[in-house]
Amino acid sequence: APLGKFDGDTPCLILYTSGSTGSPKGAVHLHDHLPYTFEKVAKVVYQLGPGDRIFSSSRLFFAYGLGNSFSFPIGTGASVVLCSERPAPQLIADIFKRYKPTLFFAVPAVFRALIEYAKQGNPLETRQMRHAVSAGEVLPVATWNEWKDVTGVEIIETIGTTELLHAFIHNFPGKNRPGSSGIPLDGYDVRLLDENLKPVEGAG
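Here's what I pulled together on the structure shown here. (Residues numbered from 1 in each chain as written. Predicted model: local features only at pLDDT ≥ 70, side-chain atom pairs only at ≥ 80, totals over all residues. Heavy atoms only, no water.)

## Looking at the layout of surface pockets
- Taken as a whole, the largest pocket spans an internal volume of roughly 780 Å³.
- Tyr64, Gly136, Gly160, Thr161 and Thr162 are the residues nearest the centre of the largest pocket, which is lined by 27 residues in total.
- Looking at which element gives the most residues to the lining of the largest pocket, the answer is strand β7 (residues 155–160), with four residues.
- Looking at the lining of the largest pocket residue by residue, the class counts come to 12 nonpolar, 12 polar and three charged. (1 Å grid on protein atoms, 1.4 Å probe; cavity = no way out; pocket = protein on both sides within 12 Å on 5 of 7 lines; lining within 4 Å. Points joined across faces, edges and corners; volume = space filled by probe spheres on them. Helix = DSSP H or I, 4+ residues; strand = E, 2+ residues; numbered from the N terminus. Nonpolar A, V, L, I, M, F, W, Y, C, P; charged D, E, K, R; others polar.)

Structure (C-alpha cells):
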C-alpha cells in the first residue's frame, strides 16, 4: 500500500536556486513533478531499469543530484550509490571499482579532475558504464574527447534548472553531439531569446 495519497498539484518539496539569476529563491515542486522527471528523462533518455547502478557525484541538495540519486532510482527500480564524503578523484575511482555503476552523473570539473587522475597512471574502472552525464555548466569539447579516449565512455550533456527540477534539454545515446546541450525533451517548450527578449533567428 502507498505511504500516502496526494493530488498531483499538492506541494511536495522546496528546492533553493543557486542565486545565479539574482537572489536565491525557493522553487516549490508538486507531487506530479518528481514522476515527470523519471518518466521523461530516466526512462526515455537513459532507459534506466532494475539492472542499473547509479552514482552521482552531485549531491542530493542540488536538483540534478536529487533526480539522479533519489527520484530516478525510485521511479525505475535502479540501485543507487550514495556517498557523504567529498567526491575527490580517488574516492570516485574506488566507487567505480567497488560498485561498478552503469550510469555516472557529474559536472565538467569532476570529469576534468578524473581525466587528470587517470593520466597520472591511476585506473578508472568504467567497462560496465553505459553512459556518463554532465550538467551544471558547459562541457568543453576537449574534455568530452579526452574522457572518451581515457574511458571509452561517451558523456551525454544536458541542461536543467532548479525551477524545472531536472533536465529539459538533453543529448541522447546514439544522437550525441559534443559541445551541444541537446534537444528539448517531450513536454517542454523552449525558446532562445536575445537580451531584448526577442526570439533569436534560426533557433529552435
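## A short note on the packing of helix α3 (residues 89–99) against helix α4 (residues 108–119)
- Packing of α3 against α4 leaves a shortest axis separation of 9 Å and a crossing angle of 80°. With respect to α4, the element α3 is oriented roughly perpendicular. Each of Pro89, Gln90, Ile92 and Ala93 in α3 lies in contact with α4, whose residues at this interface are Val110, Ala113, Leu114 and Tyr117.
- Tallied by class, residues from the contact of α3 with α4 come to seven nonpolar, one polar and no charged. (Axes fitted to C-alpha atoms, helices over the stretch in contact; angles between N-to-C directions. Parallel < 35°, antiparallel > 145°, perpendicular 65-115°, else oblique. Contact = heavy atoms within 4.5 Å.)

## Looking at the sheet that holds strand β3 (residues 53–56)
- Ordered in space as β4-β3-β5-β6-β7-β8-β9, the seven strands form an open sheet in which the pairing is mixed. A strand with exactly one partner marks an edge of an open sheet, and here the two such strands are β4 (79–81) and β9 (183–184).
- Bridge count for β3 against strand β5 (residues 103–106) is three bridges, and the pairing is parallel. Looking across to β5, one finds that Ile54 is bridged to Leu103.
- The strands that α4 touches are β5, β6 (131–134) and β7; relative to β5, the one it contacts most, it runs at about 115°. (Pairing = 2+ DSSP bridges.)

## Some words on a nonpolar patch on the surface
- A cluster of nonpolar side chains, contributed by Leu60, Phe70, Ile74, Val80 and Leu82, occupies part of the molecular surface with about 460 Å² of accessible area.
- Relative to the assigned elements, Val80 resides in strand β4. (Patch = residues over 30% accessible without salt bridge, like charges linked within 9 Å, V, L, I, M, F, W, Y side chains within 5 Å. Areas by Shrake-Rupley, 256 points an atom, 1.4 Å probe, with all protein chains shown as cover. Salt bridge = Lys/Arg side-chain N within 4 Å of Asp/Glu carboxyl O.)

## Overview of the pairing of strand β2 (residues 26–30)
- Of the two faces of β2, the one lined by Ala27 and His29 is fully buried and the one lined by Gly26, Val28 and Leu30 carries no buried residue.
- Here strand β1 (residues 11–16) pairs with β2 via five bridges, running antiparallel. The residue bridging Pro11 from the neighbouring strand is Leu30, located in β2. (Buried < 20%, exposed > 50% of the residue type's maximum accessible area, 1.4 Å probe, protein only.)

## Points about the pattern of salt bridges
- For the coordinates displayed, the defined rule picks out eight salt bridges.
- A salt bridge links Asp186 to Lys40; its shortest N-O distance comes to 2.9 Å. With Asp186 in the segment after β9 and Lys40 in helix α1 (residues 33–42), this residue pair connects regions lying 146 residues apart in the sequence.
- For Asp186, a relative accessible area of 57% corresponds to the exposed category.

## Here we look at the packing of aromatic side chains
- As enumerated under the stated definition, the model contains 12 aromatic pairs in all.
- With a centroid separation of 5.9 Å and 80° between ring planes, the pair formed by Tyr64 and Phe105 is classed as edge-to-face. You can see Tyr64 sitting in helix α2 (residues 63–76) and its partner Phe105 sitting in strand β5, a full 41 residues away along the chain. Neither residue differs from the other here; Tyr64 and Phe105 are each classed as buried.
- On the basis of an interplanar angle of 80° and a centroid distance of 4.9 Å, the ring pair of Phe111 and Trp147 is categorised as edge-to-face. In this pair, Phe111 is assigned in helix α4 and Trp147 in helix α5 (residues 141–151), connecting sequence segments 36 residues apart.
- Given a relative accessible area of 0%, Trp147 falls into the buried group.
- Taken together, the ring pairs connect Phe55, Phe96, Phe104, Phe111 and Trp147 into an aromatic cluster. (Phe/Tyr/Trp six-rings, centres within 6.5 Å; stacked < 30°, edge-to-face > 60°.)

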